[in-house]
Amino acid sequence: MTFCFYTPTGTPDDAPASTCGDTSGQFSEGFLATSSTAGPWAPGAQHGGPPAGLLLRAIERLPEAADRVVGRFTMELLGPVPVGPLVSSARLERPGRSVAMASSVLHDPVAGRDVASARAWLFPRGTGPGEVGPAPGHGPASGVRRDTPGSWLGGYTDAVEWRWVSGSVTEAGPGVVWMRAPDLVEGEETSPLARLMTCIDSASGASAALDVREWGFLNTELTVHVLREPVGEWVCLDAETHLGPGSVGIATSTAYDELGPVARSSQALLVVPR
């Protein structure tokens, strides 16, 4: 693939302090978001997938995460994430011999505010009693390409490869889709979990319960419980959306690789007419 979501700009000399709390012991990195991060509604605002991947990457680079796996990851979207410069930082929130909690933040240095944050529970890496599988019974080759709504912009939707097994963005209802995302950061290999996070935020779009031309359904957060790290470049989402009587919806998904389930996700959605 020739796309990437971010280009590194080095360690900021005067990285601004996060507004999300104590910043002792944290490190910071600078990035420039490419046009491939842009969401379908505005060219200057990112899709939620790339920021989720970047927040997870920051946590994985903490020394305390070296021999651990992520059991749960939660991202809070504090506002539009700009397609522009960002500062990523991470810190250990709660040390521990068995489990630990880490956090990360994306800061907009132009606006001078945090735009997204995340927390993750870190578990020991080891061998457990469960087995991998069962396999989903289909793979990327089983899916087909489908058109996106004519009103949508390119960016993220063009950078990701999509293979639909059932449903589509233009069909209201559940959807099953295989996704292959480009590299998260230019010049480096994307970790399996960071690749998963760049895709799994798409569950709400893959299972749109309403006509996307008439309704908006913006997720304010993303929570992912991780069973194991995915294998390979392709991730499958088996997603569905449930609507309440008011402005709240819930999108959920089970994520698979070609060997079996790897994670489950949920998103709280703000459902409003366009």
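Residues numbered from 1 in each chain as written. Predicted model: local features only at pLDDT ≥ 70, side-chain atom pairs only at ≥ 80, totals over all residues. Heavy atoms only, no water.

### Let's talk about the pattern of salt bridges
Then, number 1: Counting across every chain of the model gives 11 salt bridges.
Then, number 2: Between R119 and E93 there is a salt bridge; the shortest N-O distance is 4.0 Å. Of this pair, R119 sits in strand β6 (residues 113–124) while E93 is found in strand β4 (residues 85–94), placing the two residues 26 residues apart along the sequence.
Then, number 3: The salt bridge involving E161 is made with R163; its shortest N-O contact spans 3.5 Å.
Then, number 4: Through salt bridges with shared partners, a single ionic network connects E29, R57, R61 and E188. (Salt bridge = Lys/Arg side-chain N within 4 Å of Asp/Glu carboxyl O. Helix = DSSP H or I, 4+ residues; strand = E, 2+ residues; numbered from the N terminus.)

### Regarding the environment of G79
Then, number 1: Here G79 shows up in the loop between β3 (68–77) and β4.
Then, number 2: A residue is classified by how much of its surface remains accessible, and G79, at 22% relative accessible area, is partly exposed.
Then, number 3: Counting along the chain gives 37 residues from G79 to A116, while the straight-line C-alpha distance between them is 7.2 Å.
Then, number 4: When residues no more than four places from it in sequence are discounted, the contact partners of G79 are R113 and V115. (Buried < 20%, exposed > 50% of the residue type's maximum accessible area, 1.4 Å probe, protein only. Contact = heavy atoms within 4.5 Å.)

### Quick look at helix α1 (residues 49–60)
Then, number 1: The end-to-end C-alpha separation of α1 is 17 Å, in line with the 16 Å expected for 12 residues at 1.5 Å each.
Then, number 2: Every buried residue belonging to α1 is among G49, P50, P51, A52, G53, L54, L55, L56, R57, A58 and I59, and all of these are buried. (Expected span 1.5 Å × (residues − 1).)

### Some remarks on the packing of aromatic side chains
Then, number 1: This model, assessed by the stated rule, comprises 4 aromatic pairs.
Then, number 2: Considering the side-chain rings of Y6 and F31, the 6.3 Å spacing of their centres and the 65° angle between planes classify their relative orientation as edge-to-face. Of this pair, Y6 sits in strand β1 (residues 4–10) while F31 sits in strand β2 (residues 27–33); the two residues are 25 residues apart in sequence, bridging distant segments of the chain. The pair Y6 / F31 is uniform in exposure class, with both members buried.
Then, number 3: Geometrically, the ring pair formed by W162 and W164 is stacked, given 6.3 Å between the ring centres and 10° between the ring planes.
Then, number 4: Owing to a relative accessible area of 16%, W162 belongs among the buried residues under this scheme. (Phe/Tyr/Trp six-rings, centres within 6.5 Å; stacked < 30°, edge-to-face > 60°.)

### Remarks on the packing of α1 against helix α3 (residues 192–200)
Then, number 1: Close contact between α1 and α3 brings their axes to 6 Å; oriented N to C, the two are set at 155°. Relative to α3, the element α1 is oriented roughly antiparallel. Judged by the sense of rotation from one axis to the other, the crossing of α1 with α3 is right-handed. Across from G49, P50, A52, G53, L56 and E60 in α1, the residues of α3 making contact are L193, A194, M197 and T198.
Then, number 2: Taken together, the residues of the contact of α1 with α3 break down into 6 nonpolar, 3 polar and 1 charged. (Axes fitted to C-alpha atoms, helices over the stretch in contact; angles between N-to-C directions. Parallel < 35°, antiparallel > 145°, perpendicular 65-115°, else oblique. Left-handed = near helix turned anticlockwise from the far one by under 90°. Nonpolar A, V, L, I, M, F, W, Y, C, P; charged D, E, K, R; others polar.)

### Some remarks on the environment of T198
Then, number 1: Residue position: T198 is located in helix α3.
Then, number 2: Distance from T198 to L56, taken between C-alpha atoms, is 9.5 Å for residues 142 residues apart in sequence.

### A short note on α3
Then, number 1: Within α3, 8 of the 9 residues are buried, which leaves the element mostly enclosed by the surrounding structure.
Then, number 2: Looking at α3, one finds that the buried residues are L193, A194, R195, L196, M197, T198, C199 and I200.

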